[in-house]
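For reference, the chains in residue letters:
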Amino acid sequence: MILSLILFCIASPYLSVSGYNVEIWGNADGHEKLIEQLTSNDIIFEETDRPRPLLEFGEWRKDGVMIFTDDFDEAPVIDFVNSGRSVIIFLNEESEKSFSFCEELGVEISDSFDKQGKCHYRSPTQDFERDVSCEGHSFSVQNPAHAHYYSAIKNSKGKAYAFAIQGDNDARVVIFGSELFGADTENDDLLEVAVDLGLWAYHKRGVLRAREIHYNRINETVDNPPELAISDVIDFSIILETFDFEKQEWVGYSADDVQLEFSMLVPRIRKTLENRGKGVFGLTFKCPDIFGVYQFIVNYQAQGFTPINVTHQVNLRPLRHDEHPRYVTSAYPFYVASGIMCVAVCVVALVFASQAPLFKEHIKASQGIEKSNSSAPSLSNHAVTRGKEKHISRSTSKDRKSVKDE
């Protein structure tokens, strides 16, 4: 007895981590096969006579709820969904509170209860289809603002009889138009459809995760450097995996619409990642020429799968003084102007050098003329001298005459 208690205490934490705890509200009689098949996929059910508070001491008691009754308070269930948890609800012909709950989720339900007809089922993850015969209330979308809606089962006229809702927080809600879905009847197709939607709603299918973000400069082996330089060419890769509950292991996810954003306040680069196989998505790109604090952002939402929002911060620095290119292509006008100036200087120098003998002859000729002019007497000076001599002689003769008269 003591040994069994010890083993239970040791094993209980692992059971609570691996299992998905669901509480059943209402009478689930007639759905034993559905619950049995869901239980075989590691979903733990607990039945209650009446709905209990989902929030106790600030924590949610369960991971999901399955509702077969109309006697419940819709406000706590809405809060339960807003927290990212899951709900499956079965409607009947007198589900007034259930109608109000569905309208809060943005789904409008018809008042009429349609009779049995041929419908087509497609799973939210788009990997399973089946033609079924169903009946119940039909649905239409009222306000698809903050959630993704999938008409899981609809007829040829477009009426949906089972609705799957996935919120931005990965909360999942499945609404069945009648309790015929998953019932213990001879209609195994409806049971298979209910099991498939139940596994999806309780996060046993469509689970996606991201891991191992790598980036490095081209031709370098250093992974995830804390800083990059502007105009660096880098290779980025990320691994996306989905859980295969049949194999009980994570397998590589395959898609062609996963995008990467290299963002500083606003995306500077947004490109689609290349699918390199085995869940590896990568991209080689050149960093922008604006330095600052950037983020690698992978924000991916595939229909029916867990939303992926991964961010990784990196610093983008300017180039150091020894990292600038020797020649800048955009500065070619300055290079051309400098070259033209050098050529012009050389041309002018050659012209002056070729004219040097002519300059020498001109200089000699000018020097000879100056020498000849300096050796010849000046006529003007001679005339001035003669004029002065005549003036002096005339003045002397006049003086002499004046003395005689006296």
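Only a predicted model underlies this, so the values are computations on that prediction, with no experimental measurement involved.

Calculation notes
- Residues numbered from 1 in each chain as written.
- Predicted model: local features only at pLDDT ≥ 70, side-chain atom pairs only at ≥ 80, totals over all residues.
- Heavy atoms only, no water.
- Helix = DSSP H or I, 4+ residues; strand = E, 2+ residues; numbered from the N terminus.
- Buried < 20%, exposed > 50% of the residue type's maximum accessible area, 1.4 Å probe, protein only.
- Contact = heavy atoms within 4.5 Å.
- Salt bridge = Lys/Arg side-chain N within 4 Å of Asp/Glu carboxyl O.
- Axes fitted to C-alpha atoms, helices over the stretch in contact; angles between N-to-C directions.
- Left-handed = near helix turned anticlockwise from the far one by under 90°.
- Nonpolar A, V, L, I, M, F, W, Y, C, P; charged D, E, K, R; others polar.
- Core = buried A, V, L, I, M, F, W, Y, C linked by side-chain atoms within 4.5 Å.
- Pairing = 2+ DSSP bridges.
- Patch = residues over 30% accessible without salt bridge, like charges linked within 9 Å, V, L, I, M, F, W, Y side chains within 5 Å.
- Areas by Shrake-Rupley, 256 points an atom, 1.4 Å probe, with all protein chains shown as cover.
- Lys, Arg positive; Asp, Glu negative; His and termini not counted.
- Charge placed at Lys NZ, Arg CZ, Asp CG, Glu CD.
- Parallel < 35°, antiparallel > 145°, perpendicular 65-115°, else oblique.
- pLDDT = per-residue confidence, 0-100.
- Polar contact = N/O pair within 3.5 Å; in protein donor to acceptor, adjacent residues only side chain to side chain.
- Phe/Tyr/Trp six-rings, centres within 6.5 Å; stacked < 30°, edge-to-face > 60°.
- Arc of directions from axis to C-beta.

Looking at the overall build of the protein
Okay, step 1: Counting secondary structure elements, the protein contains eight helices and 23 strands.
Okay, step 2: Looking at the protein residue by residue over its 406 residues, the buried ones come to 38%.
Okay, step 3: Sequence-distant contacts, at least 24 apart, represent 60% of the contacts inside the protein between residues at least 6 apart.

Observations concerning unusual backbone geometry
Okay, step 1: For aspartate 42, which is not glycine, the phi torsion reads 70° and is therefore positive.
Okay, step 2: Not every positive phi belongs to a glycine, and leucine 265 is a case in point at roughly 70°.
Okay, step 3: Along the chain, leucine 265 falls in the loop between strand 18 (259-264) and strand 19 (266-272).

Topic: the pattern of salt bridges
Okay, step 1: A full pass over the atoms with the stated rule returns 21 salt bridges.
Okay, step 2: Lysine 159 is paired through a salt bridge with aspartate 114; the nearest N and O atoms lie 3.8 Å apart. Pair noted here: lysine 159 is in the loop between strand 11 (147-155) and strand 12 (160-167) and aspartate 114 is in strand 8 (residues 114-122), with a separation of 45 residues, a long-range link.
Okay, step 3: Where salt bridges share partners, they join Glu227, Arg317, Arg320, Asp322 and Glu323 into one cluster.

Some words on the packing of helix 3 (residues 74-82) against helix 4 (residues 96-104)
Okay, step 1: Running from N to C, helix 3 and helix 4 cross one another at 35°; their axes reach a closest spacing of 10 Å. Between helix 3 and helix 4 lies a crossing of right-handed hand. Contact residues: helix 3 offers Glu74, Val77, Ile78 and Val81, while helix 4 offers Lys97, Ser100, Phe101 and Glu104.
Okay, step 2: Class assignment of the residues belonging to the contact of helix 3 with helix 4 gives a composition of four nonpolar, one polar and three charged.

Brief notes about the nonpolar core
Okay, step 1: If you look at the biggest cluster of nonpolar residues, it comprises 37 residues, and the most contacted ones within it are Leu38, Phe45, Met66, Ile153, Phe176 and Tyr202.
Okay, step 2: Ranked by residue count, the leading element in this core is helix 5 (residues 188-201), at nine residues.
Okay, step 3: Within the second largest apolar cluster, 31 residues are counted, among which are Ile234, Ala255, Phe285 and Tyr294.

Section: the pairing of strand 20 (residues 274-277)
Okay, step 1: The sheet contact formed by strand 20 and strand 21 (residues 280-286) spans three bridges and is antiparallel. What sits directly across from glutamate 274, in strand 21, is glycine 282.

Here's the deal with a negative patch on the surface
Okay, step 1: The grouping of Asp29, Glu32, Glu47, Asp49 and Asp184 at the surface amounts to a negative patch.
Okay, step 2: Following the sequence through the fold, glutamate 32 ends up in helix 2 (residues 32-39).

Structural notes on the packing of helix 2 against helix 5
Okay, step 1: Here helix 2 crosses helix 5 at 40°, and the two axes come no closer than 10 Å. If you check the angle between helix 2 and helix 5, you find them oblique. Handedness of the helix 2/helix 5 crossing: right-handed. Each of Lys33, Leu34, Gln37 and Leu38 in helix 2 lies in contact with helix 5, whose residues at this interface are Leu191, Ala194, Val195, Gly198 and Leu199.

Observations regarding the confidence of the model for the protein
Okay, step 1: Mean pLDDT for the protein: 82, with 84% of residues reaching 70 or above.
Okay, step 2: For the protein, the element scoring lowest by mean pLDDT is helix 1 (residues 2-18), at 37; strand 21 scores highest, at 96.
Okay, step 3: Segment residues 1-17: pLDDT under 50, and two contacts once partners within four positions in sequence are set aside and those in other chains are kept.

Points about the environment of leucine 91
Okay, step 1: Looking at the secondary structure, you find leucine 91 in the loop between strand 6 (86-90) and helix 4.
Okay, step 2: Measuring from C-alpha to C-alpha, the distance between leucine 91 and glycine 136 comes to 8.1 Å, with 45 residues separating the pair along the chain.
Okay, step 3: Not counting residues up to four positions away in its chain, the partners in contact with leucine 91 are Ser98, Phe99, Ile109, His137, Phe139, Ile175, Phe176, Gly177, Ser178 and Glu179.

Overview of the sheet that holds strand 18
Okay, step 1: Pairing in this open sheet of five strands is mixed, and the strands run 15-23-22-18-19 from one edge to the other. Only two strands of the sheet have a single neighbouring strand rather than two, namely strand 15 (227-229) and strand 19. Each neighbouring strand pair of the sheet contributes to a mean axis angle of 30°, computed without reference to strand direction.
Okay, step 2: Across six bridges, strand 18 lies against strand 19 in antiparallel orientation. Looking at the pairing, phenylalanine 262 lines up with isoleucine 269 of strand 19.

Examining the side chain of glutamate 241
Okay, step 1: Locating glutamate 241 in the fold gives a position in strand 16 (residues 233-244).
Okay, step 2: For glutamate 241, a relative accessible area of 8% translates into the label buried.
Okay, step 3: A polar side-chain atom of glutamate 241 sits 2.7 Å from a polar atom in the side chain of arginine 209.
Okay, step 4: In terms of polar contacts, glutamate 241 uses its side chain to reach the side chain of arginine 211, at 2.9 Å.

Let's talk about the packing of aromatic side chains
Okay, step 1: Enumeration according to the criterion identifies 20 aromatic pairs in this entry.
Okay, step 2: The interplanar angle of 75° and the centroid separation of 5.4 Å between the aromatic rings of tryptophan 60 and phenylalanine 80 together place this pair among those described as edge-to-face. Placement of the pair is tryptophan 60 in strand 4 (residues 59-60) and phenylalanine 80 in helix 3, with a sequence separation of 20 residues.
Okay, step 3: Owing to a relative accessible area of 23%, tryptophan 60 belongs among the partly exposed residues under this scheme.
Okay, step 4: Classification of phenylalanine 80 by relative accessible area gives buried; the value is 0%.
Okay, step 5: Summarising the aromatic geometry, the rings of phenylalanine 139 and phenylalanine 163 are spaced 6.0 Å apart at their centres and angled 70° between planes, so their arrangement reads as edge-to-face.

Observations concerning helix 4
Okay, step 1: By the burial criterion, the buried members of helix 4 are Ser98, Phe99, Phe101 and Cys102. Buried positions in helix 4, seen along its axis, are confined to an arc of 160° and lie on one side of it. Opposite the packed face of helix 4, turned more than 90 degrees from it, sit the exposed residues Glu96 and Glu104.
Okay, step 2: Close packing links the buried residues of helix 4 with helix 3, strand 6, strand 7 (107-109) and strand 13 (172-176).

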